[in-house]
Amino acid sequence: MKELLLRNVRPFGGALTDILIRDGRIARIGKAEASTAEVEDGGGAIAIPGLVEAHAHLDKSLWGMGWHVHQAGPALEDKISTERRLRRELNIDPARQSARQVALAASHGTTAIRSHVDVDTDQKLWCFEGVAATRQRFRDVMDIEIVAFPQSGLMIRPGTLELMDEALANGADVVGGLDPCGIDRDPKGQLDAIFGLAQKHGKPVDIHLHEADDLGAFSMEMIIERTRALGMQGKVTVSHAFCLGMTDRARAAALTEHLAHQDIAIATTAPASRPVPLAAELRRAGVRLCAGSDGIRDTWGPYGNLDMLERALFIGLRNNFRNDADVEYALHICTQGGADVMEIADYGLREGAFADIVLLDAETVPEAVAARPKRKLVLKRGKPVARDGQALFTVE
Ligand SMILES: [Zn+2]
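Residues numbered from 1 in each chain as written. Predicted model: local features only at pLDDT ≥ 70, side-chain atom pairs only at ≥ 80, totals over all residues. Heavy atoms only, no water.

*Asks:* Just to check I follow, could you spell out the pattern of salt bridges for this structure?
*Replies:* As a working rule, side chains carrying opposite charge can pair if their charged atoms are close by. With the rule as written, the count across this model stands at 33 salt bridges. Of the charged contacts in the structure, one is a salt bridge between aspartate 118 and arginine 87, with a shortest N-O distance of 2.8 Å. Remark: arginine 87 occurs in helix 1 (residues 76-89) and aspartate 118 occurs in strand 6 (residues 110-118); sequence separation between them is 31 residues. Accessibility assignment for this pair places aspartate 118 and arginine 87 in one class, buried. (Salt bridge = Lys/Arg side-chain N within 4 Å of Asp/Glu carboxyl O. Helix = DSSP H or I, 4+ residues; strand = E, 2+ residues; numbered from the N terminus. Buried < 20%, exposed > 50% of the residue type's maximum accessible area, 1.4 Å probe, protein only.)

*Asks:* Just to check I follow, could you spell out the side chain of glutamate 145 for this structure?
*Replies:* In this fold, glutamate 145 is placed in strand 7 (residues 143-149). Overall, glutamate 145 belongs to the buried group, its relative accessible area being 11%. Of note is the side chain of glutamate 145, whose polar atom sits 2.6 Å from the side chain of arginine 114. Ignoring sequence-local partners within four residues, the contact set of glutamate 145 consists of Ile113, Arg114, Ser115, Asp173, Val174 and Met342. (Polar contact = N/O pair within 3.5 Å; in protein donor to acceptor, adjacent residues only side chain to side chain. Contact = heavy atoms within 4.5 Å.)

*Asks:* Help me out: how do you make sense of the sheet that holds strand 10 (residues 236-239) in this one?
*Replies:* As a general point, the strands of a sheet are linked pairwise by backbone hydrogen bonds and lie either parallel or antiparallel. The eight strands are arranged 5-6-7-8-9-10-11-12 in an open sheet whose pairing can be described as parallel. At either end of the open sheet lies a strand with only one pairing partner, and these are strand 5 (51-56) and strand 12 (289-291). Averaged over all pairs of adjacent strands, the angle between their axes in this sheet comes to 25°, without regard to strand direction. Helix 5 (residues 187-201) rests against strand 8 (174-178), strand 9 (205-208) and strand 10 of the sheet, and its axis sits at about 175° to strand 8. (Pairing = 2+ DSSP bridges. Axes fitted to C-alpha atoms, helices over the stretch in contact; angles between N-to-C directions.)

*Asks:* What am I meant to see in the coordination of the zinc ion here?
*Replies:* Note on metal sites: the ideal angle is 109.5 degrees for four tetrahedral donors, and 90 or 180 degrees for six octahedral donors. The zinc ion binds to the protein through His55 (NE2), His57 (NE2), His208 (NE2) and Asp294 (OD); the donor distances cover 2.1 to 2.2 Å. What the four donor atoms of the zinc ion show is an angle range of 87 to 172° at the metal, which sorts the shape as irregular. All donors of the zinc ion come from a single chain, and their spacing in sequence reads H-x1-H-x150-H-x85-D. Here histidine 208 lies in strand 9 and histidine 57 lies in the loop between strand 5 and helix 1, a separation of 151 residues in the sequence. Judged on exposure class, the residue histidine 57 and its partner histidine 208 are both buried. (Donors = N, O, S within 2.8 Å, 3.2 Å for Na, K, Ca; no water. Tetrahedral: all angles 85-135°; square planar, octahedral: opposite > 155°, others 65-115°.)

*Asks:* Could you clarify how one ought to interpret the packing of helix 2 (residues 94-107) against helix 3 (residues 126-137) in this entry?
*Replies:* The contact between helix 2 and helix 3 brings their axes to 8 Å, and the two run at 40°. If you check the angle between helix 2 and helix 3, you find them oblique. Helix 2 and helix 3 meet at a crossing whose hand is right-handed. Contact residues: helix 2 offers Pro94, Ala95, Ser98, Ala99 and Val102, while helix 3 offers Trp126, Cys127, Gly130, Val131, Thr134 and Arg137. Grouping the constituent residues of the contact of helix 2 with helix 3 by class yields seven nonpolar, three polar and one charged. (Parallel < 35°, antiparallel > 145°, perpendicular 65-115°, else oblique. Left-handed = near helix turned anticlockwise from the far one by under 90°. Nonpolar A, V, L, I, M, F, W, Y, C, P; charged D, E, K, R; others polar.)

Structure below.
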């Protein structure tokens, strides 16, 4: 039996207390008696559950490879084809690059990641196999869920569906999809194929939907219809969902109501550059929301750092969240919201849950979101994996 006592911490910024951890789980929250456990003194730090990165691309970052001079044109298709070309030219090795991102994410207090991973007829399963190796190698420090993601299109690149099927048979956790109209120009074909794979393998679905306005709404209606018909409530996520930020608010409200009925979750990156789903409206309607960094420092763009506390700040800024309760909700999206979408069992800061815990020096949770202090201590299943903003393990 292994015990660790976190002394003098404040769960969610509340009253000072202690957290006793036993065999990787939270055994008790309350002032501790004299104990034989190993002790970490939190010094009054806030304790929150591990941050959840619910939309990443672990296979494609150039993190640690020097500054990349951006080459891709502005259209989505330019970014996709430029990336396919540069992957081999620059040797963006998915195993190495995903490992680097695991260390980066852990240093920021992330304890679980859902990563979309490219599957296409050029790379075949290279990216999947690299990230799967990282998932296995770092299974004690990070929960990683892999989405088999047809980044280059499904219907327009014959052979992709069979590769997706193979990835799912070999351990991919989620069926991905991408702009069924905009990329494949065959929404019925792509969505029937994706939902068919989900049924065959008994896996959830997570679809990138960049399509705006009416086109996005049309695709979303087809996703909603399939979710309903196949009884996949609670198993479908739409990432980005920019169409929900459309100016036709009546149509967005109707879509939102259907999303709530079918329990379809929305993953957002809260980008500054696009219309976005409005977090407060989704929350009022009962639609679950999670968040992610998306690709960071890759051939798509120069930004990002996998810091989900910073992502909570972006959500707050993008949604004009100012009062404390709203800013706390922004963090909720980046913790519990992601855990719900990833269906992480026994998540949270409560007795019996896994001891995935982050300590932050701040007065309140909203202050932590606004100031983004270095993560003082990060525990994964009760084991320290990062301290003072540095991962405690090496990846090279
Ligand atoms: Zn993405």
